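# Summary of the model geometry
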Amino acid sequence: MNIGYEMLYLSRADIEEINLPMAEIMDLLENAYIEKHGGRLDMPPKLGISPAPEAFAHAMPCWLPSMHAAGLKWVGGTPANKPRGLPFLGGLCILNDPESCMPVCVMDCSWITAKRTGAKSGVCARRFARSDSRVLGILGCGGQGYSNLEAMSIALPALEKVLVYNTSPEPAERLASSQSERLGIPVRAVRSPREVVEESDVLVSAGWISLSASRTIEAEWLRPGATLVPVDLDCMYTPGAMASCDKYFTDDLAVYDHFRSMGFFSTVPDRPQELCRALAGRIPGRENDGERIIILNNGLALDDVSTARRIFELALAAGRGTMLPL
């Protein structure tokens with residue numbers, strides 16, 4: 001490749017064809033968070049604009065020397081996309097050559113965002129869930145429902161059953177019917193969020209990210225020892241449910257503080273601890289089977305850039321994508 005004069009373009013179809021395995025993404029992210037704990041990266045806070053109410057566009061740069069990964073995700077989203085027939089999120093990942101700093105690859109970020117979010121949930125479950133966790137619950141059956149289910153099926157070796165719920169029942173039914181046979185685990189769509197929450201050893205919530213979202217999950221529904229992995233900030237948790245947790249973690253305190261200044265996480269009673277410290281073994285994760293642990297992940301540039309770098313490497317090896325002149 002003539003770095004600095006041309007770059008590789010990867011469409012979503014190219015990325016789907018490469019199909020970086022979920023288990024590999026999980027390992028990439030766990031290693032990246034251990035690097036984060038050691039301070040072996042450069043990752044400034046998200047820089048964003050809000051062109052319309054509850055709409056955002058974020059720039060998320062990161063440099064991970066151990067992975068030779070330098071790049072940025074430029075991603076935007078709004079709940080107003082649904083009636084337009086558009087996905088909530090969309091954007092690009094751009095990778096740079098660390099030596100020349102010239103762009104070497106631009107790729108769709110939709111697949112990466114979905115998979116890395118599920119992968120990080122899987123890493124959290126692998127680290128914090130009880131070893132005998134048998135029931136997974138998923139609230140919200142869009143793309144994150146699928147990717148989180150895929151990751152949890154890897155992270156939870158004792159998994160026996162999955163319960164899913166969506167405000168419109170059809171997506172839940174589609175997820176259940178398509179994934180039961182593929183995973184070899186019963187996946188059942190149910191008619192109320194309470195049915196999901198009360199049985200779940202591990203609970204993923206993947207609803208709309210909005211300050212006006214309906215807070216659904218009640219404290220009395222949560223099982224002792226549950227591991228809670230919202231990928232929609234705190235949007236589904238009532239104040240009582242949030243206060244009923246015993247430990248709080250987040251992927252990055254600066255990003256957490258940013259979202260809190262916007263009005264999210266207003267009912268979190270204790271300042272969370274950083275996920276990377278637990279993954280690096282510097283602080284305890286789960287200490288007993290009765291603890292309710294919630295991981296308030298926000299999504300970080302290191303998730304995207306580490307995943308995008310590996311996809312880029314595989315694309316070069318396989319000769320996939322289109323070279324574009326700069």
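A quick note: this is a predicted structure, and the numbers were derived from the prediction, not measured.

## Re the sheet that holds strand 9 (residues 187–189)
Taken in spatial order, the eight strands line up as 9-8-7-10-11-14-12-13 in an open sheet, and their pairing is parallel. Each having just a single partner strand, strand 9 and strand 13 (273–274) make up the two edges of the open sheet. When strand 7 (residues 135–139) meets strand 10 (residues 202–205), the two strands line up parallel, connected through four bridges. Bridging from a neighbouring strand, G137 pairs with L203 of strand 10.

## Brief notes about the packing of aromatic side chains
By the definition in use, this model includes five aromatic pairs. When the centroid spacing of 4.7 Å and the interplanar angle of 20° are considered together, the rings of Y256 and F265 count as stacked. A relative accessible area of 2% places Y256 in the buried class. On the basis of relative accessible area, F265 is assigned to the buried category, the value being 0%.

## Some points on the environment of Q144
Checked against the element boundaries, Q144 lands in helix 4 (residues 143–155). Along the backbone, Q144 and A114 are 30 residues apart, and their C-alpha atoms lie at a distance of 5.8 Å. With near-sequence residues (within four places) excluded, Q144 lies in contact with T113, A114, T117, G118, A206 and V231.

## What to know about the sheet that holds strand 6 (residues 103–108)
Read across the sheet, seven strands follow the order 2-3-4-5-6-1-15 without closing on themselves; strand pairing throughout is mixed. Only two strands of the sheet have a single partner each, and these edge strands are strand 2 (47–49) and strand 15 (322–325). Averaged over all pairs of adjacent strands, the angle between strand axes in this sheet comes to 20°, irrespective of strand direction. Sheet analysis places strand 3 (residues 56–64) next to strand 4 (residues 69–77), joined by nine bridges and oriented antiparallel. For L64, the partnering residue across the bridge sits in strand 4 and is A69.

What counts as what
- Residues numbered from 1 in each chain as written.
- Predicted model: local features only at pLDDT ≥ 70, side-chain atom pairs only at ≥ 80, totals over all residues.
- Heavy atoms only, no water.
- Pairing = 2+ DSSP bridges.
- Helix = DSSP H or I, 4+ residues; strand = E, 2+ residues; numbered from the N terminus.
- Phe/Tyr/Trp six-rings, centres within 6.5 Å; stacked < 30°, edge-to-face > 60°.
- Buried < 20%, exposed > 50% of the residue type's maximum accessible area, 1.4 Å probe, protein only.
- Contact = heavy atoms within 4.5 Å.
- Axes fitted to C-alpha atoms, helices over the stretch in contact; angles between N-to-C directions.

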